[in-house]
Amino acid sequence: MESQLTILLPVAAIWLAAGVLADRLPRLRDARTLRRRTGWLLALALTGVALVAAVSIGGLFSGGTAPVDRAAAGLTIATGPALVVAACSVRRIRRLWAGAGAFDTAPGTPAPHGLRAVAAHPLVGLPLQVTALATLPAVIAAAGADLGAEPGVTGPAITVGALAVAAIGVRHALRHSQLTERAQPATSRSAGAAGPLHV
């Protein structure tokens, strides 16, 4: 196995696990489970950001031909989404973890729709999943399949990636909207408007 691939595989695995975990958070109905999984997600996100930063910094100080330099070049696309995770997602995940802790009083306590709506927010899961997708080209190239060398592959690959990102974003937005609507308190009609007007 190439040493470049040994650097990239853990990075891709961390981001893939974070993306899968973030996608499943809004489905959790137990507050204690939501808090525990959110803690795992926070740890994975921080680890993924740290790994991308470490590989990128290592590539800056290498001689240009070392495996870490080639790995850093492969992770160039993933650097942008990882910065969004560091700037936006980590803060939201930490707030979600703290919010779930307020309801973690007894086993089986249901997670409110408001917390699940926060878990479904596009800025929680989308940057994590986009970063996971962005690490795949580097892993594929390190494995020996240079897709960029074939002129008929690069364009369709970019199109498929953009469509996948758009589909993931729309899915998160729709789920967030549905859970937000469920979290709204039911508006009760006033007593005067409850029935027909009697004179």
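Residues numbered from 1 in each chain as written. Predicted model: local features only at pLDDT ≥ 70, side-chain atom pairs only at ≥ 80, totals over all residues. Heavy atoms only, no water.

(A) Broad picture of the packing of helix α2 (residues 31-61) against helix α3 (residues 67-74). Running from amino to carboxyl end, α2 crosses α3 at an angle of 125°, the nearest separation of the two axes being 8 Å. As the angle between them shows, α2 and α3 are arranged oblique. When you trace α2 past α3, the crossing you get is left-handed. Touching Val55, Ser56, Gly58 and Gly59 of α2 are Val68, Asp69, Ala71 and Ala72, all from α3. Class assignment for the residues of the contact of α2 with α3 results in four nonpolar, three polar and one charged. (Axes fitted to C-alpha atoms, helices over the stretch in contact; angles between N-to-C directions. Helix = DSSP H or I, 4+ residues; strand = E, 2+ residues; numbered from the N terminus. Parallel < 35°, antiparallel > 145°, perpendicular 65-115°, else oblique. Left-handed = near helix turned anticlockwise from the far one by under 90°. Contact = heavy atoms within 4.5 Å. Nonpolar A, V, L, I, M, F, W, Y, C, P; charged D, E, K, R; others polar.)

(B) Examining the side chain of threonine 38 more closely. Checked against the element boundaries, threonine 38 lands in helix α2. Judged by its relative accessible area of 0%, threonine 38 is buried. Other than its neighbours up to four places away in sequence, threonine 38 contacts Leu25, Ile93, Leu96 and Trp97. (Buried < 20%, exposed > 50% of the residue type's maximum accessible area, 1.4 Å probe, protein only.)

(C) Quick look at the environment of arginine 37. Examined against the element boundaries, arginine 37 turns out to sit in helix α2. The exposure class of arginine 37 is partly exposed, given its relative accessible area of 24%. Through-space distance from the C-alpha of arginine 37 to that of alanine 22 is 8.8 Å; in sequence the pair is 15 residues apart. Among residues more than four places away in sequence, those in contact with arginine 37 are Leu21, Leu25 and Leu28.

(D) Structural view of the side chain of threonine 109. On the secondary structure map, threonine 109 appears in the loop between α4 (76-103) and α5 (113-119). For threonine 109, a relative accessible area of 17% puts it in the buried group. The contacts of threonine 109, once residues within four sequence positions are left out, are Arg29, Asp30, Ala31 and Phe103.

(E) Representation of the packing of α2 against α4. Between α2 and α4, whose axes approach to 9 Å, the crossing angle comes to 155°. One element, α2, and the other, α4, form an angle in the roughly antiparallel class. Crossing angle aside, the handedness with which α2 passes α4 is left-handed.

(F) Just the nonpolar core, in detail. Core analysis: the largest hydrophobic core is formed by 38 residues, its most contacted members being Leu8, Trp15, Leu25, Leu34, Leu41 and Leu128. Among the elements of the structure, α1 (3-24), α2, α3, α4, α5 and α6 (122-142) are those that each provide at least two residues to this core. In contact with leucine 128, other than residues within four places in its own chain, are Trp15, Ala18, Gly19, Ala22, Leu41, Ala45, Val85 and Ile93. (Core = buried A, V, L, I, M, F, W, Y, C linked by side-chain atoms within 4.5 Å.)

(G) Broad picture of the environment of alanine 50. Relative to the helices and strands, alanine 50 is located in helix α2. Judged by relative accessible area, which is 44%, alanine 50 ranks as partly exposed. Placed 39 residues apart in sequence, alanine 50 and valine 11 show a C-alpha to C-alpha distance of 9.6 Å.

(H) Just the pattern of salt bridges, in detail. Within the structure shown, the criterion is met by three salt bridges. The closest approach of N and O atoms between arginine 27 and aspartate 23, which form a salt bridge, is 3.4 Å. Residues aspartate 23 and arginine 171 are paired through a salt bridge, measuring 2.3 Å at the closest nitrogen-oxygen approach. Of this pair, aspartate 23 sits in helix α1 while arginine 171 sits in helix α7 (residues 151-183), placing them 148 residues apart in sequence. Judged by relative accessible area, arginine 171 falls into the partly exposed class, the value being 38%. Taken together, the shared-partner salt bridges in this structure form one network comprising Asp23, Arg27, Arg171 and Arg175. (Salt bridge = Lys/Arg side-chain N within 4 Å of Asp/Glu carboxyl O.)

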